[in-house]
Protein chains: 2
Amino acid sequence: MRIDIWSDVVCPWCFIGKRRLETALSHFEHADDVEIVWHSFQLDPGAPTTPVETVAEALGRKYGGGPEGGKTMIDRVEAVAAEEGMLWRHHQSKRVGTMDAHRLMHLALHEGGPETQGRVKEALLSAYFIDARNVADHSELKDIVTGAGLDAEAVDRVLGSTEYADEVWADIEKAQAFGATGVPFFVVDNKFGISGAQPVEAFGQVLERAWSESHPVVEMLAGGGASGDACGPDGCAI
Amino acid sequence: MRIDIWSDVVCPWCFIGKRRLETALSHFEHADDVEIVWHSFQLDPGAPTTPVETVAEALGRKYGGGPEGGKTMIDRVEAVAAEEGMLWRHHQSKRVGTMDAHRLMHLALHEGGPETQGRVKEALLSAYFIDARNVADHSELKDIVTGAGLDAEAVDRVLGSTEYADEVWADIEKAQAFGATGVPFFVVDNKFGISGAQPVEAFGQVLERAWSESHPVVEMLAGGGASGDACGPDGCAI
């Protein structure tokens, strides 16, 4: 079974949704047969590489209420994160772009496969939400992703070029093709979509349904499973 | 939507099943979006290229009753064919092998795509059941399949070699992997199997179900279609 997840590194509900999916998977009988592939989505493509303000300041500016108003919004999502067992320092996070982080996520998938990519995703989200690190800064990024297992030379090569930028755009276009207007967006077995950080139970239901629909591969439908008239090695039904 | 059909040229229920599927498709709203790909299956791999007996004689020999007994079996299936609007001369058909006919079916798919292959399939079945022609004879085969649109030079090339034999064997192996022990065997969207020449209504039901399951590509499952908390271009739900 395969789960494709569109997500951004600076997206609080993406991190919360990731935890809820992980909880659902911990109760799912066939979790060992589930492969997760992360895809890129940019919530705030105009955000700078060198930060000029905190997320709280940016929210206060955008929605009114100043830094204090922004802080209040962040407090609420931090409370939800706490319910999922995470102590965030998101009130200190800076508003930054994620293009380079996404390119490194593609490097991770390409070089190490889904497991490595999953470790890099966790490392990036933790760095941003728990440690309030700058996930646009190249030396920070290198430190974060090599800590999760990426090869330092490959990381330098990607950060020093535009490698995997096309893959990031292709991911974003595919999300749009699926009709996703926000993230997190989950697609199970190319078949079932889940929009947003749904409750753990909702993830669990989708996992069960997707599993039951994909095993067996061919469901004999017509005739209540009975065969119609056919010809076989021993001749034709006549 | 895609329908893969395993079938043999000398298989009466394959031709009857083809007509029933076509009738179901004529009532199916999305028939224009259905692509059919034919696959090889050999019911009687030991049958000769140069015929030594009619099918009726072969049946009578195998099941007892002599040519008359075989003829009686054929009469019954010809009566079913008549119900589907076809006047067969199958009582005159010779027992012959179909390897070369199957190789030409692969040529048709490769050179002309599913539409051309469909025309060649119809031509081969009609030649065998309606006109009692020898579908193992090379000059007959060439006449039949070029009449359905295949290039004469390509046909000569295939008939003068073992080209596409591997593809025929791969088809047969794939049928076995699906658990098919006879033909016709239909697989809709790689997902739903239909064994045998089911009634028109059964085909119709499978078409409807397969369509509804594959459109939209992503079925929003969790939260009764409602989104969970998410982040979008206008910010995060908080």
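1. Side note on the packing of aromatic side chains
All names here are of chain A. One pass over the full model with this rule turns up 18 aromatic pairs over all chains. Between the aromatic rings of W6 and F178, the centroid separation amounts to 5.6 Å while the plane-to-plane angle is 75 degrees, which identifies the pairing as edge-to-face. With W6 in strand β1 (residues 2-7) and F178 in the loop between α7 (165-177) and β3 (185-188), this residue pair connects regions lying 172 residues apart in the sequence. Classification of W6 as buried rests on a relative accessible area of 1%. For F178, a relative accessible area of 18% puts it in the buried group. Feature note: the residues F15, W88, Y128 and F129 constitute an aromatic cluster, connected by ring pairs.

2. Let's talk about the packing of helix α2 (residues 55-63) of chain A against helix α3 (residues 66-83) of chain A
Residue and element names in this part refer to chain A. In the contact formed by α2 and α3, the axes pass within 7 Å of each other and the chain directions differ by 110 degrees. With respect to their mutual orientation, α2 and α3 come out roughly perpendicular. On the side of α2, the interface is formed by V55, A56, E57, L59, G60 and Y63, while α3 contributes G66, P67, G70, K71, M73 and I74. Of the residues in the contact of α2 with α3, the class split is seven nonpolar, three polar and two charged.

3. Description of the confidence of the model for chain A
Detail in the predicted coordinates should be disregarded across regions flagged by low pLDDT. Of the residues in chain A, 94% have a pLDDT of 70 or more, and the chain-wide mean is 91. Reported confidences for the modelled complex are a pTM of 0.54 and an ipTM of 0.70.

About the criteria used
- Residues numbered from 1 in each chain as written.
- Chains lettered and ligands numbered in written order.
- Predicted model: local features only at pLDDT ≥ 70, side-chain atom pairs only at ≥ 80, totals over all residues.
- Heavy atoms only, no water.
- Phe/Tyr/Trp six-rings, centres within 6.5 Å; stacked < 30°, edge-to-face > 60°.
- Helix = DSSP H or I, 4+ residues; strand = E, 2+ residues; numbered from the N terminus.
- Buried < 20%, exposed > 50% of the residue type's maximum accessible area, 1.4 Å probe, protein only.
- Axes fitted to C-alpha atoms, helices over the stretch in contact; angles between N-to-C directions.
- Parallel < 35°, antiparallel > 145°, perpendicular 65-115°, else oblique.
- Contact = heavy atoms within 4.5 Å.
- Nonpolar A, V, L, I, M, F, W, Y, C, P; charged D, E, K, R; others polar.
- pLDDT = per-residue confidence, 0-100.

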